[in-house]
Amino acid sequence: MVRIPEPELMEDPTQVESYDQADFESAHSFLIRKFQDRLPQRFVPESILDLGCGPGDMSSRLYSQFPNANFTFLDGSEFMLDRCKKRMGTLVSEKRKDKIDFKKELVQGFVPESPYDLVFSNSLLHHIHDPFEFWGAVQRSIHNDSFIFISDLIRPDSLTSANQLMERYAKEESEILKKDFYNSLLAAYRIEEVKEMLEITRLDSKLNLEPVTDRHWICYSKPRL
Ligand SMILES: C[S@@+](CC[C@H](N)C(=O)[O-])C[C@H]1O[C@@H](n2cnc3c(N)ncnc32)[C@H](O)[C@@H]1O
């Protein structure tokens, strides 16, 4: 099945509201466990970048794990970033607030002042029309010892499979969220396509790529020898 792109930014207030209210506990806690399992032992990043942070569900999980790090939460949608600020505002103490940077910016134009120890991104790549712009932003944001963790959806084989996944995993969600999830599945990249991206950018020497559920892949730094 060919890829059907969806708009990059999530800017419609109703869409943002339903995404913010959605119950991602099961999928997100699973992906965070995979992330934790793959982190090198005793790895404590001082600086963390969350690309396409959205309303901050993953961001808040990263913050809980590394409360002493400096964070950059980046999203091109003002509505999404506002939600993220609100969520983080309830977690971050007054004296830590200057360690958190919220950037309303497109990944395509993002040039960090300095590289990050951890670059994280969940569910952003499938929004990006030219995926190499996403990988370019990742490459600009790392140093030799950075840890990278990227996760996203896998495009199913057919519209029927996409429908089945939507019914299986978003049955209880609002109609807007169900439609969003369905569109995201159609816009997602296949594992083979992500593999090819890594080869072209030569990130394949640095990163492992694996499917972890019937609808998700993860990509993360290889252990250093
Ligand atoms: C599906 S949400 C994922 C949010 C969050 N990472 C999560 O796991 O819940 C994708 C987010 O990426 C943002 N986004 C899409 N294209 C972008 C771009 N080119 N630059 C920056 N942010 C972008 C959207 O606005 C949206 O907030």
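Definitions and limits used
- Residues numbered from 1 in each chain as written.
- Predicted model: local features only at pLDDT ≥ 70, side-chain atom pairs only at ≥ 80, totals over all residues.
- Heavy atoms only, no water.
- UniProt positions renumbered as here; feature names shortened; annotations may be inferred.
- Helix = DSSP H or I, 4+ residues; strand = E, 2+ residues; numbered from the N terminus.
- Near = heavy atom within 4 Å.
- Polar contact = N/O pair within 3.5 Å; in protein donor to acceptor, adjacent residues only side chain to side chain.
- Areas by Shrake-Rupley, 256 points an atom, 1.4 Å probe, with all protein chains shown as cover.
- Expected span 1.5 Å × (residues − 1).
- Buried < 20%, exposed > 50% of the residue type's maximum accessible area, 1.4 Å probe, protein only.
- Arc of directions from axis to C-beta.
- Contact = heavy atoms within 4.5 Å.
- Patch = residues over 30% accessible without salt bridge, like charges linked within 9 Å, V, L, I, M, F, W, Y side chains within 5 Å.
- Salt bridge = Lys/Arg side-chain N within 4 Å of Asp/Glu carboxyl O.
- Lys, Arg positive; Asp, Glu negative; His and termini not counted.

Labelled according to an unreviewed UniProt entry, the chain appears under the name Class I SAM-dependent methyltransferase, originating from Leptospira kanakyensis.

Draft legend 1. Quick look at the UniProt feature "domain: Methyltransferase type" (unreviewed entry) in the chain. Those places that UniProt annotates as "domain: Methyltransferase type" (unreviewed entry) correspond, in this numbering, to residues 49–144. End C-alpha atoms of residues 49–144 are separated by 15 Å, and the span's content is 32% helix alongside 25% strand.

Draft legend 2. Structural detail: the site of the ligand. In the region of the ligand, 22 residues are neighbours, and Glu8, Gly52, Asp75, Gln108 and Asn122 sit closest. Within the backbone of valine 107, an N or O atom sits 3.0 Å from a nitrogen atom of the ligand. Within the contact set of the ligand, an oxygen atom lies 2.7 Å away from a side-chain nitrogen or oxygen of asparagine 122. Protein burial of the ligand: of its 600 Å² of free accessible surface, 99% is covered by the chains.

Draft legend 3. Quick look at the environment of aspartate 37. With respect to the element layout, aspartate 37 can be found in helix 2 (residues 25–38). Residues aspartate 37 and threonine 90, spaced 53 residues apart in sequence, show a C-alpha to C-alpha distance of 27 Å.

Draft legend 4. Representation of helix 4 (residues 78–89). Here helix 4 contains 12 residues, and its C-alpha end-to-end distance of 16 Å stays within 8% of the 16 Å for a straight helix at 1.5 Å per residue. Restricting attention to buried positions, one finds in helix 4 the residues Met80, Leu81, Cys84 and Met88. Viewed end-on, helix 4 has its buried residues packed into an arc of 95°, placing them on one side of the element. Residues of helix 4 that are buried make contact with helix 1 (13–21), helix 3 (57–65), strand 2 (70–75) and strand 3 (100–104).

Draft legend 5. Spotlight on a nonpolar patch on the surface. Residues Met1, Val2, Ile4 and Leu159 make up a contiguous nonpolar surface patch of roughly 360 Å² in combined accessible area. Within the secondary structure, leucine 159 is located in helix 6 (residues 159–169). Judged by its relative accessible area of 43%, leucine 159 falls in the partly exposed class.

Draft legend 6. Expanded view of the side chain of glutamate 6. For glutamate 6, the location among the structural elements is in the segment before helix 1. Here glutamate 6 is buried and forms no salt bridge, its nearest opposite-charge partner arginine 3 lying at an N-O distance of 7.2 Å. At 3.1 Å, the side chain of glutamate 6 forms a polar contact with the side chain of histidine 126. The contact partners of glutamate 6, leaving out residues within four places of it in the chain, are His126, His127, His129, Asp180, Asn183, Ser184 and Ala187.

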